[in-house]
Structures are given as structure tokens and as C-alpha cells.
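# Observations on the model geometry
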Amino acid sequence: IGVPDTFSDYAKLMLDLQVLAFQGDMTRVGTFMLGHEMGGRAYPELGFGDPHHSLTHHQGDTSKIEKVLRINIFHTGLYRYFLERLDSIPDGDGSLLDHSLLVYGSALSDGNMHLYKDLPVLVVGDVAGIQGGRHVRYPENTPMANLYLTLLDKLGVHLERFGDSTGRVDL
């Protein structure tokens, strides 16, 4: 009894708890942070013990970049696990995934340079009239808050502004 030995087992346990909370309709809102920016988490289950954060300051070192790539693939694999769990649970005329709106992303587009623009964000779900299956690139310097303002609007929460938003984006 306690925290699982590997991070993947721990993360899956936490994601399973979110799925159960959604399935039991205890909540339809959740958040899970795989790792915070200054965390010292290492992933020995990937075959190396370097802390994630220090690897992101790779200064062009290809071996460090390869390890960061492996960590990113590992993280997205955990997200895939979450999506598959949601998709496997019936909910009304579809699955929990069919009736969810999920956002997966990062606070930085390049940890080495501390770039916080052009963030990679994945929006998943089949609700609120959002067209899926496409890659959208917004004009340079579009605030991330514009996406959040638009998502809130689509979910029936109508605000004039959110954070540093300058308007809504096309979804």
C-alpha cells in the first residue's frame, strides 16, 4: 500500500481516479500535471536517470535532446492511456471521451530557450461543435488565453476577457 514504484504506474493510477470521477459523475472537470517546470523527476524506467528539467537545458547536445524526446513520447503515451480509458467507458450515446473536452499542452515550446510562444497544445473531444482531426496554427503572438476564452464560450461560460486574451480563435 502506498505510492507505486514507477512513475508510469503512479500516473496511470491518478488518471484512473479521474476516469472514475468522470464515470461516477462526481465531477466533469479535472487537471493532472505530469511534471512541473522545475521538477527534478527522472525516469529510470526509460533507461536513464537524468532529471527531466536539466535535460531540457540541452544547449544543442543531441544525446540530451534524444532523452527529452523519449520523455515527451513517454508522457504522450500516458495521455494516450487516459484517452483510451475514457473511450472504453460507455456514456449515454457514446463514451466518456465522446462527451469530454480535453486540453493537453506545455508551458514552454522550447525549454532550452525558455520560449513560451507557439505552444504545442492538443485539444481532444467531440463536444461544443469543435471540429477535430486538424492542425491549426494561429497568427504569431496570439495569446493562449484566446484559446481558453473560446473553449469557455463553447462550453457556455461567456466572458468578455480571460487573462490577457485579445479575442476568440476559430475552432
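Residues numbered from 1 in each chain as written. Predicted model: local features only at pLDDT ≥ 70, side-chain atom pairs only at ≥ 80, totals over all residues. Heavy atoms only, no water.

### Observations concerning the environment of Glu140
- Residue position: Glu140 is located in the loop between strand S4 (121-125) and helix H4 (144-154).
- With a relative accessible area of 67%, Glu140 lands in the exposed category.
- Separated by 22 residues in sequence, Glu140 and Asp118 have C-alpha atoms that sit 7.5 Å apart. (Helix = DSSP H or I, 4+ residues; strand = E, 2+ residues; numbered from the N terminus. Buried < 20%, exposed > 50% of the residue type's maximum accessible area, 1.4 Å probe, protein only.)

### Re the pattern of salt bridges
- A full pass over the atoms with the stated rule returns four salt bridges.
- Between Lys67 and Asp50 there is a salt bridge; the shortest N-O distance is 2.7 Å. Here Lys67 is found in helix H3 (residues 62-87), whereas its partner Asp50 is found in the loop between helix H1 (7-23) and helix H2 (52-56), with 17 residues between them in sequence.
- The partner of Glu84 in a salt bridge is Arg80, and the shortest N-O contact between them spans 2.8 Å. Within this pair, Glu84 and its partner Arg80 are both found in helix H3, separated by four residues, close to a single helical turn.
- Judged by its relative accessible area of 55%, Arg80 is exposed. (Salt bridge = Lys/Arg side-chain N within 4 Å of Asp/Glu carboxyl O.)

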